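# Coordinates in review
Each chain is listed here by its residues.
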Amino acid sequence: MNWRDEYKSKLRTADEVAALVKSGDRINLGGGLMIPNDFCMAMCNRFDEVDNLLFAVGLSFKMYDFALPDINKGKCLIESVFLSPGERQMVDWGTCQHVPIHLSQLHLYQQSRNFNMAGFIVTPPDEDGYFNKSGGGAFNSRELLKNVEKVFVEVNPDAHWCNSDDFKIHVSEVDYIIETNYEVGVLPPIEITATEQKIGEYVADMIPNGSTLQIGFGGLADAIGNLLKSKKDLSLYAETFTSSMAELCKSGVVNGANNPLIPGIASASFAFGSKEMHKYVHKNKDLMFYDLKWINDPNNIAKNKNLVGVNGTLCMDLTGQACSESIGLKQFSATGGQLDFARGISLSGTSKFILALPSTFTTKDGEVKSKIDITLPPGSVVTTPRIEVDYVVTDYGVAHLKWKNLSQRAHEMIRVAHPDFRDELKSKAKKACLI
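Residues numbered from 1 in each chain as written. Predicted model: local features only at pLDDT ≥ 70, side-chain atom pairs only at ≥ 80, totals over all residues. Heavy atoms only, no water.

Judged by pairing direction, the sheet is mixed, and its 6 strands sit side by side in the order β11-β10-β16-β21-β25-β26 without closing on themselves. Strands at the two margins of the open sheet, each flanked by one partner only, are β11 (235-236) and β26 (397-400). Looking at chain direction, strand β21 (residues 352-356) and strand β25 (residues 391-394) are connected through 3 bridges and run parallel. Within β25, the residue paired with Ala356 across the bridge is Val393. Strands in contact with helix α14 (residues 338-348) are β10 (212-215), β16 (307-312) and β21; relative to β21, the strand with the most contacts, it is inclined by about 145 degrees. Contacts between helix α15 (residues 406-415) and the sheet are confined to β25 and β26, with β26 contributing the most and set at about 170 degrees to the helix. (Pairing = 2+ DSSP bridges. Helix = DSSP H or I, 4+ residues; strand = E, 2+ residues; numbered from the N terminus. Contact = heavy atoms within 4.5 Å. Axes fitted to C-alpha atoms, helices over the stretch in contact; angles between N-to-C directions.)

Further remarks concern the packing of aromatic side chains. Applying the stated criterion to the full structure yields 16 aromatic pairs. Geometrically, the ring pair formed by Phe39 and Phe152 is tilted, given 4.4 Å between the ring centres and 40 degrees between the ring planes. Highlighted residues: Phe39 in helix α3 (residues 37-43) and Phe152 in strand β7 (residues 150-155), separated in sequence by 113 residues. Relative to Phe115, the ring of Tyr109 has its centre 6.3 Å away and its plane inclined at 80 degrees; by these criteria the two rings are edge-to-face. Sitting over the face of the ring of Trp161, Lys283 holds its NZ or CZ atom 5.4 Å from the ring centroid. Taking NZ or CZ as reference, Lys402 lies 5.0 Å from the ring centre of Trp403, over its face. (Phe/Tyr/Trp six-rings, centres within 6.5 Å; stacked < 30°, edge-to-face > 60°. Lys NZ or Arg CZ within 6 Å of the ring centre and 35° of its normal.)

A few words now on the pairing of β25. Here β25 shows a buried face lined by Tyr391 and Val393 and a second buried face lined by Val392 and Thr394. By the bridge criterion, 4 bridges tie β25 to β26 in an arrangement that is antiparallel. Paired with Tyr391 across the strands is His400, a residue of β26. (Buried < 20%, exposed > 50% of the residue type's maximum accessible area, 1.4 Å probe, protein only.)

Strand order in the open sheet formed by 7 strands is β4-β3-β2-β1-β5-β7-β9, and the pairing between neighbours is parallel. A single partner strand is all that each edge strand has here, and the edge strands are β4 (96-98) and β9 (176-179). Strand after strand, the sheet turns through a mean of 20 degrees between neighbouring axes, direction not considered. As judged from the 5 bridges shared by strand β2 (residues 53-58) and strand β3 (residues 76-80), these two strands associate in the parallel manner. Counted as the bridge partner of Val57 is Ser80 from β3. Across the face of the sheet, helix α5 (residues 85-93) comes into contact with β2, β3 and β4 while running at roughly 110 degrees to β4.

Examined against the element boundaries, Ile178 turns out to sit in strand β9. C-alpha of Ile178 to C-alpha of Ser84: the two residues are 94 residues apart in sequence and 26 Å apart in space. Among residues more than four places away in sequence, those in contact with Ile178 are Arg12, Thr13, Ala14, Val17, Phe39, Phe152, Val153, Glu154 and Val155.

Now for the environment of Pro100. Among the secondary structure elements, Pro100 is positioned in the loop between β4 and α6 (106-112). In this structure Pro100 comes out as exposed when scored by relative accessible area, which is 62%. Separated by 21 residues in the primary sequence, Pro100 and Ile121 place their C-alpha atoms 25 Å from one another.

A separate point is the side chain of Asn116. Secondary-structure assignment places Asn116 in the loop between α6 and β5 (117-122). Looking at Asn116, the relative accessible area reads 9%, which means it is buried. A distance of 2.8 Å separates the side chain of Asn116 from the side chain of Asp25, its partner in a polar contact. What Asn116 contacts, discounting residues up to four positions off in sequence, is Lys22, Asp25, Arg26, Val148, Glu149 and Lys150. (Polar contact = N/O pair within 3.5 Å; in protein donor to acceptor, adjacent residues only side chain to side chain.)

Bringing the side chain of Ser348 into the picture now. Among the structural elements, Ser348 can be located in helix α14. Once residues lying within four places of it in the same chain are set aside, the contact partners of Ser348 are Ala302, Asn304 and Lys305.

β16 sits mainly inside the fold: 5 of its 6 residues count as buried. Examined bridge by bridge, β10 and β16 share 4 bridges and lie parallel to one another. Each residue of the ladder has a partner; that of Leu213, found in β16, is Val308. Bridge analysis of β16 against β21 gives 5 bridges, and the strand direction is parallel. Within β21, the position partnered with Val308 by the bridge is Lys352.

Counting residues in hydrophobic clusters, the biggest one holds 74 residues, and the most contacted among them are Phe131, Phe241 and Phe289. Setting aside anything within four residues of it in sequence, one finds Phe241 in contact with Leu236, Ala246, Cys249, Ala268, Phe270, Ala271, Phe272, Met277, Tyr280, Val281, Leu287 and Phe289. (Core = buried A, V, L, I, M, F, W, Y, C linked by side-chain atoms within 4.5 Å.)

Attention now goes to unusual backbone geometry. In terms of backbone geometry, most residues other than glycine have negative phi values and most peptide bonds are trans. Positive phi outside glycine occurs at Asn52, with the angle close to 60 degrees. With respect to the secondary-structure elements, Asn52 resides in the loop between α3 and β2. Here Cys433, not a glycine, exhibits a phi torsion of approximately 60 degrees, which is positive. Looking at the secondary structure, you find Cys433 in the segment after α16 (419-431). Judged by its relative accessible area of 67%, Cys433 is exposed.

Interpretation in functional terms is not warranted from these geometric data alone.
This is the structure:
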């Protein structure tokens, strides 16, 4: 049977694939914008017939009805390795639980769960019968697909093809094929705040020509990207390829000239951004996508020279402990790859690891508070331990903590705190015998 005939023999409707799900099944649904929409919609109609399901996702941008308490009724647990705003709501409802992992170990988590089904969006096949797992393909590791009993895909012509051997999957490797044509979601432009702009200016000054970049997505990432347009010969080695990175590639600012691992190529693991970014990524041979276990491996990260990694954090203490994923006891996002890159950059010896955060936040009651304090708020998760923190950037400057003693660290952190809180922080530091 040639692959085209095999393709036809595996065609099913979303309802037919959903009908295969039985109580106790453990299904990996991928992440980001590549979660199989039609299958999820079909599953919403089956919750009176099944029980004890596990759905695994990550950073999902759409909420399906089976996450609603009145429909879920405790029949399905949703696990997420990285919380989106919708998943934070699902956690509050009790229908979702967060799984703390390093993204470099996503494949190990997937192996541990013994998934028996996996599904995700793919592009139409090429002339050799290969699909492409597209922009969120890294959330379905090669190891996962080898071990599950059933693999189904939703073939969507709107999905973009990521240049990658890791993201290719042949018609012969899947069990069921659903054809669909809905428009794959995009990330809308994020308004850059004045604080993010100021932080971005400090960070951009720390990125010399010839550097390799690791920057995430969001307002701060876009602010930094916009400020790098005058730089030369930058490279990209990051988990996420974003709209701002696409613009730097188009202009020639990011050209991979000094990338020791893959010269002339920008590398990433998934792509989230605008429709224009998706068009730019589609079959672009100047980009290369890899599984997270490769991109986020600290040993591979360390092979990059002059890598500048920029990661956001939510709050920090005066010694440099950083909470980047929770607000007190409430899980907000995830560790993601932050510690992977902190460790890899530390091993490099030639690179910079930057944590960025606004100096203050405003409570629901309108009270302005410092994001830097003598200790982290009760219940806060230490995402990046102080031993791995290199630079800290706020809207009031740059603190360098690497190799500093605790007293020096406290002075550095107070210096980049908001001026209104510096005296209070000094008093707290003295009482704690830090300074």
